[in-house]
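The primary structure of each chain is shown beneath.
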Amino acid sequence: MRYEKPTTVEAATALLAGQGARVLAGGTDLLVQIRSRILNPDVVVDIKGIDTTRKITKDTSGYTIGAAVTGAELKEHPTLSKDWPGLVEGANLIGSTQVQGRASLGGNLCNGSPAADSVPAMIAAGAVATIAGPKGTRTLPVEDIMLAPRKLALTAGEFIVSFKIPARPAHGGDAYLRFIPRTEMDIAVVGCGVALALDAGGTCTAARVALGAVAARPLLVEDGAKALIGTKVDDAALAKLEAAAKAACKPIDDKRGTVEFRIDVAGTLAKRVAKIALERARKV
Amino acid sequence: MAKHHVTTTVNGDPVEYLCESEQTLLDCLRDELDLIGAKEGCSSGDCGACSVLIDGRLVCSCLVLGVEAEGKEVETIEGMAQGDELHPLQRKFLEHAALQCGICTPGVLIAAKALLAKNPDPTETQVRYWLAGNLCRCTGYDKIVRAVMDAAAEMRGA
Amino acid sequence: MQERVKKPQFDVVGTRPVRPDGVDKVTGRAKYGADLKMAGQLVGKVLRSPHAHARIKSIDVSKALALPGVKAVVTAEDFPGQPSEFIPAGEGVVNYRDMTSNVMARAKVLYEGHAVAAVAALNEKTALAALDAIKVEYEVLPHVIDEMEAIKPGAPILHEDMITTGVTPAPTKASNIAKRVEFVLGDAAKGFGEADLIVEREFKTKAVHQGYIEPHACLASASEDGSAELWVTTQGHWVVRAYCAKLLGWEIGKIRVTSSEIGGGFGGKTVVYLEPLALALSKKTRRPVKMVMSREEVFKASGPTSGGTVKVKMGVKKDGRITAAEAEITLQAGAFQGSPVQPACMCAFANYDLENVKVVGYDVVSNRPKVAAYRAPGGPISTYGVESVVDEIAEKLGMCPIELRLKNAAKEGTRAAYGPKFGPVGLIECLEAAKESDHWKAPLGPNQGRGLAAGFWFNIGGETTVSLQLNEDGTLTLMAGTPDIGGLRASLCMMAAEELKMDVSKIRPIIADTSSLGYNFLTGGSRSTFSSGMATVEAARSIVKQACGRAAKLWDIPEEAVTFEDGMIRPAGENAGKHKPMSLSDIAKVAGKTGGAIVGYAAISAQGAAPSFGVHIADTEVDPGTGKVTVTRYTAIQDAGKAIHPSYVEGQYQGGAVQGIGWALNEEYIYGADGKLQNAGFLDYRVPVASDLPMIDTIIIEVPNPRHPYGVRGIGETPIVPPMAAIGASVRRASGVRFFELPMSPPKVLKAMKAAGKA
């Protein structure tokens, strides 16, 4: 195995275009897979030498978050937690404090697990990935990146440089919760992110609902958003949201949970998450 | 392929080592530098026994490549006491009997140190969540949490 | 033998000094199994079976040996065959044929992870490449995992020669049932006839692992002259020495085993896995060989404890008096016989003073790793069933669970179903303390419930040797041979300091290697503070006697005319003459001139171990939306006899309780239909983390053990016995549903609550 640490996007894409190359950001998934001999890459391309992968910038259109920025750094940012608390919470549910010191949004997404904690939160927030490749740069909404377990919509040589998170709406709030058997350290059995915006009268004008770990890929639940938009997010709307979330699930039985359990908990979580997002939207 | 020549700082000392690409920082600390205080309990980031600080940031050294330590400041349990003076956390762990077998202790101490650097007055819940990545199978965590809270109180007073 | 201990009598015992091995452990200096390096050492790795059950048709190691840097390969051919015979070993028995077949598969692999070959190479990378280069041809056989499946007619048979013992007439056909055991007291049928209420339930528990954070590790070095050294993390290095000598056909006296600091054991480090392989590889290569298991190997190839099926039937009068009790306990042994079914049966009803009891147990093999001891082996499994039924009886009778237990509690003079009559025991004191506790009286919130259960463990004594050296400056060196997992050295130094009226900080302890001290049985059965403490006291008293003898010599008076009082050696009264009292330190300074070194030595087989009873109270909150159970408050109450170092006694209560909480809520071995373990890592084998738990309150009860100089009872194992039933009872009240299966993980809880209309 070779280790390379390019300092430019162009050098990175050139290395990644080769056979058997893997991106190293925080390494919290990659190194485990190498150690347990699931992966045996020829070359590991550490993208942390590229400035843009390590920075958070803010302007009127929102935030640009480098793909290798760690969960701990997201949490320490002076305004991000105020604007997008759900996104920061999702990223900070990945593993332990130690893991949060390394794990990144880019890695969490590109590891290709449907249970990744930061992904439903990013989808709910409307995050768009900036992807660099041998043919230049393109953008893709986060919900379109993971296609199936370990399968991404990236082609040879491409990697995610950063994520664009829109500016928070005036009365906007987001939240993320996941269900795990313990309080920490587990992989999500169900994850749910909700972002919504209210008008001055408290009626929901926009919403995005996303679920993780209930299908082969993270889901954007359009019917969940429809259940909320135009309502005061009252009990009737939440009941519709619960039904929509449950209907969207196509889970599997595995060592972490049953089909029935995942569907039930997706409904429970969707309601709980929407309530938190609502509270947050009302406060700003 | 040739080994990487890594120049870094460990516990304030400039050090150099040679490592292969796949060697973790934990491997390098233990095998190349003979710093055996960080332990390998799982090599998957689930137990925290290998916790170290890199540039002040708490990480599992089993999830960092040795070559990534180039130019960084690494801090391990071996650097926690100053001469004969134990760190207040180390002292409080002894006073509170916050260890039994002791295998998790170096990692817990390093993690607790990172917590108190960030939050000198943590609640019990904050201590518990911060340390959730440090498995201890002997103590049930009770005395660990008490020792960290007590050390924090002493350090705030000092 | 000894009078009952009165409380304020001690200077050191019962205080909380800093442990002598503490500083090394908070500074990273302490050396554990994987922490030693020797010049020229090789890396040893094990090739393991990918199949749950298969016949080994051939093993070709030639390609591995041809790789540059590969120094040796061993397979079963390198270990002599052993006869199948059962040899008593402490709390259990060993069978060397099974042991050698477990450390290296012979003819068949019996579980996923079963060792097939081992290699020694210059480095890890080469060793792993060598494993890949070994070609093993398997004939895959049908497998069976669950113990109830394994006893069905037509189940795949693991051992073609296994005939169930304990059954008359003996069966003629092989089965997976290794043995049947039975304990009977009185007449259960008659007792059930007298009952006003009978509750009969079936419980199921899953295999759980000790989960020590330090993986198995050792470093072996065999010399050309036939001698060998072994550095190893173990609960008993004399036992490791004996096992390795037997499996390799070497002389015991030529093997020197040093126990490293041990990073947790809980029973799991009482057997050998890597050690004979490392010694064999070292002998072949004439170089030191280091072997360390990965976490995955620990889960797949070292012994968890049994899962099992427990049927319990109890009859009771309206006033709460239990008239009869029956249990049938079927435990997984893993691939080779030897589950803890016997202690499980013996513990089942030990909490109660009963007239009519019948307990039957079955030891069942299946395609899982061979079980190893885990803290009170078997006790938690049977007690979970029995205490859950007792709780249900209390509910049905409308009685307080403490009152029901007080009415039936075992006490001094109770005849246990497994034979002995109890001496003074502290169960009633524990129950009374529970009743009086703030916890028991505290209010509960919505979706919360409170449960309580009792537990018992026998505790053992056994072969123990301790040596005390009085050094020239009056300091003391203490050598013990029972590995110190959780504060033993502190307790031993405290007992020596108490005897010798010394400052405890002047005593430096070590755990001696097998060539430096007489035989010690392993740290297990909650024996080490009890037994090594007893030997320490005897050795300390020998020091006093010798010191008095030296003073007598100096003062030229008879030895009987010298006494040891308040830490000083004095003439015994006026008639003995006027001599200036001497301290032990004074005597030490002149030891060389008065007869040589003063060494106290005690080689004993400690007798008089006494059981410890405990009672746990658990509060839980159940989330009706997800089925998640959170422990909100917990109290562990237990009789310690005498707490030498109360902090480490509390630590045992807390640690055991939390392992029990893990067992109750989330820990389990999960197998796929392919017979492979699906959760061989700390990610999905979910031991409790700090944020899962509240503080664990403790109450130490002291009903002294009259057979120990300080009243000590073993206390390490009892704390894992009550938690599962206590939490089950608590979840019953929090959720409205009673559970009969562990773990009470969220999918199961939510499903049951939905079915009962509670979610």
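Small disclaimer: the values here were computed from a predicted structure and weren't measured. (Residues numbered from 1 in each chain as written. Chains lettered and ligands numbered in written order. Predicted model: local features only at pLDDT ≥ 70, side-chain atom pairs only at ≥ 80, totals over all residues. Heavy atoms only, no water.)

Turning to the interface of chain B and chain A, a few remarks are in order. Taken together, the contact pairs 30 residues of chain B with 25 residues of chain A. For the chain B and chain A pair, buried surface summed over both sides reaches about 2300 Å², with 59% attributable to carbon and sulfur atoms. Of all residues in chain B, the largest losses of buried area upon contact with chain A belong to Arg 57, Leu 63 and Glu 68 of chain B, amounting jointly to 26% of the total for that side. Scanning the region where chain B abuts chain A turns up 6 salt bridges. Of the charged contacts, one joins Arg 57 of chain B and Glu 76 of chain A as a salt bridge, the two residues approaching to 2.6 Å between their closest N and O atoms. Linking chain B with chain A are 12 residue pairs in polar contact (both at pLDDT 80 or more), by the criterion used here. Looking at the side of chain B that touches chain A, the elements with two or more residues in it are strand S4 (57-60), helix H3 (105-118) and helix H4 (124-130) of chain B. Per-element accounting of the side of chain B that touches chain A gives the leading share, 4 residues, to S4 of chain B. (Contact = heavy atoms within 4.5 Å. Buried area = accessible area lost by both parts, 1.4 Å probe. Salt bridge = Lys/Arg side-chain N within 4 Å of Asp/Glu carboxyl O. Polar contact = N/O pair within 3.5 Å; in protein donor to acceptor, adjacent residues only side chain to side chain. Helix = DSSP H or I, 4+ residues; strand = E, 2+ residues; numbered from the N terminus.)

Glancing now at the domain arrangement of chain A. Residue and element names in this part refer to chain A. The domain architecture assigned to chain A consists of domain 1 (58-166) and domain 2 (172-283). Contacts between domain 1 and domain 2 engage 26 residues on the former and 23 residues on the latter. Between domain 1 and domain 2 the total buried area reaches about 2000 Å² when both faces are included, carbon and sulfur atoms providing 58% of it. Between Arg 280 and Glu 89 there is a salt bridge, with its nearest N and O atoms 2.5 Å apart. Run the count over domain 1 and domain 2 and you get 11 residue pairs in polar contact (both at pLDDT 80 or more). Counting residues per element, the side of domain 1 that touches domain 2 draws most heavily on helix H8 (residues 118-125), which supplies 6 residues. Per-class residue counts for the side of domain 1 that touches domain 2 are 16 nonpolar, 5 polar and 5 charged. (Domains from an automatic or database assignment. Nonpolar A, V, L, I, M, F, W, Y, C, P; charged D, E, K, R; others polar.)

This part takes up the interface of chain C and chain B. Contacts between the two partners involve 54 residues from chain C, matched on the other side by 45 residues from chain B. Both faces considered, chain C and chain B share a buried interface measuring about 4000 Å² in area, 58% of it formed by carbon and sulfur atoms. Area buried by chain C at its contact with chain B is led by Val 26, Ile 213 and Met 695 of chain C, which between them contribute 19% of it. At the junction of chain C and chain B, the tally comes to 7 salt bridges. Measuring nitrogen to oxygen at the nearest pair gives 2.6 Å for the salt bridge that ties Glu 650 of chain C to Lys 143 of chain B. Taken together, chain C and chain B are joined by 27 residue pairs in polar contact (both at pLDDT 80 or more). Breaking the side of chain C that touches chain B down by element, the ones donating at least two residues are helix H1 (22-26), helix H19 (646-665) and strand S28 (696-701) of chain C. A per-element tally of the side of chain C that touches chain B places H19 of chain C first, with 9 residues.

Each regular strand displays side chains that alternate between the two surfaces of the sheet. All names here are of chain B. Sheet topology note: the strand S3 (residues 51-54)/S4 ladder contains 4 bridges and is antiparallel. Each bridged residue has a counterpart across the sheet, and for Val 52 the counterpart in S4 is Val 59. Between the antiparallel neighbours S3 and S4 lie 2 residues, among them Asp 55 with a positive phi of about 50°. (Pairing = 2+ DSSP bridges.)

Glancing now at the packing of aromatic side chains. Residues and elements named next belong to chain C. With the rule as written, the count across this model stands at 18 aromatic pairs over all chains. Aromatic pair Tyr 418 and Phe 458: ring centres 5.2 Å apart, planes at 75°, arrangement edge-to-face. With a gap of 40 residues between them, Tyr 418 in the loop between helix H12 (401-408) and helix H13 (427-436) and Phe 458 in the loop between strand S18 (448-457) and strand S19 (462-470) connect regions that are remote in the sequence. Across this residue pair, the class does not change: Tyr 418 and Phe 458 are buried. Consider the rings of Phe 422 and Phe 613, whose centres lie 5.6 Å apart with planes at 90°: the pair is edge-to-face. Of this pair, Phe 422 sits in the loop between H12 and H13 while Phe 613 sits in strand S26 (residues 612-622), and the two are 191 residues apart along the sequence. (Phe/Tyr/Trp six-rings, centres within 6.5 Å; stacked < 30°, edge-to-face > 60°. Buried < 20%, exposed > 50% of the residue type's maximum accessible area, 1.4 Å probe, protein only.)

Right, let's get into the sheet that holds strand S24 (residues 582-583) of chain C. Residues and elements named next belong to chain C. Strand order in this open sheet of 3 strands is S22-S23-S24, and the pairing throughout is antiparallel. Looking at the sheet topology across the chains shown, the edges are occupied by strand S22 (562-565) and S24. Of the strand pairs in this sheet, S22 and strand S23 (residues 568-571) are connected by 4 bridges, and their pairing is antiparallel. What sits directly across from Phe 564, in S23, is Ile 569. Helix-sheet contacts for helix H16 (residues 528-555) involve S22, S23 and S24, and the interaxial angle to S22 is about 130°. (Axes fitted to C-alpha atoms, helices over the stretch in contact; angles between N-to-C directions.)

The subject of this paragraph is the environment of Asn 108 of chain A. Residues and elements named next belong to chain A. Relative to the helices and strands, Asn 108 is located in helix H7 (residues 105-110). Considered as a pair, Asn 108 and Ser 118 are 10 residues apart in the sequence and their alpha carbons are 6.8 Å apart. Of note is the side chain of Asn 108, whose polar atom sits 2.6 Å from the side chain of Ser 118.

Moving on: the pattern of salt bridges. In total, this model carries 91 salt bridges over all chains according to the counting rule given. With its nearest N and O atoms 3.4 Å apart, the salt bridge here joins Arg 282 of chain A to Glu 279 of chain A. Of this pair, Arg 282 of chain A and Glu 279 of chain A are both found in helix H11 (residues 259-283), 3 residues apart, which corresponds to roughly one turn of the helix. Accessibility expressed as a relative area gives 38% for Glu 279 of chain A, which makes it partly exposed. The salt bridge partner of Glu 261 of chain C is Arg 489 of chain C, with a shortest N-O separation of 2.8 Å. On the criterion of sequence distance, the pair formed by Glu 261 of chain C in the loop between strand S13 (255-259) and helix H8 (275-285) and Arg 489 of chain C in helix H15 (residues 488-500) is long-range, its members being 228 residues apart. Of the two residues examined, Glu 261 of chain C and Arg 489 of chain C, each falls in the buried class. Here the salt bridges do not stand alone but share partners, grouping Arg 201, Asp 391, Glu 392, Glu 395, Lys 396, Arg 732, Arg 733 and Arg 738 of chain C into one network.

Here we come to the side chain of Ser 51 of chain B. Within the secondary structure, Ser 51 of chain B sits in strand S3. Note on Ser 51 of chain B: relative accessible area 3%, which makes it buried. Reaching out from Ser 51 of chain B, the side chain makes a polar contact with the backbone oxygen of Gly 48 of chain B at a distance of 2.7 Å. Not counting chain neighbours up to four residues away, the residues in contact with Ser 51 of chain B comprise Gln 98 of chain A together with Leu 58, Val 59, Gly 107, Ile 110 and Asn 134 of chain B.

All names here are of chain B. Spatially, the 5 strands line up as an open sheet ordered S2-S1-S5-S3-S4, and their pairing is mixed. Two strands bound the open sheet, and with one partner strand each, they are strand S2 (13-19) and S4. Pairs of neighbouring strands in the sheet enclose a mean axial angle of 40°, with direction left out of account. Alignment of strand S1 (residues 4-10) against S2, held across 7 bridges, turns out to be antiparallel. Across the sheet, His 5 pairs through a bridge with Leu 18, a residue of S2. Strands S1, S2, S3 and strand S5 (73-75) of the sheet are contacted by helix H1 (residues 25-32), whose axis makes an angle of about 105° with S2. H3 rests against S3, S4 and S5 of the sheet, and its axis sits at about 40° to S3.

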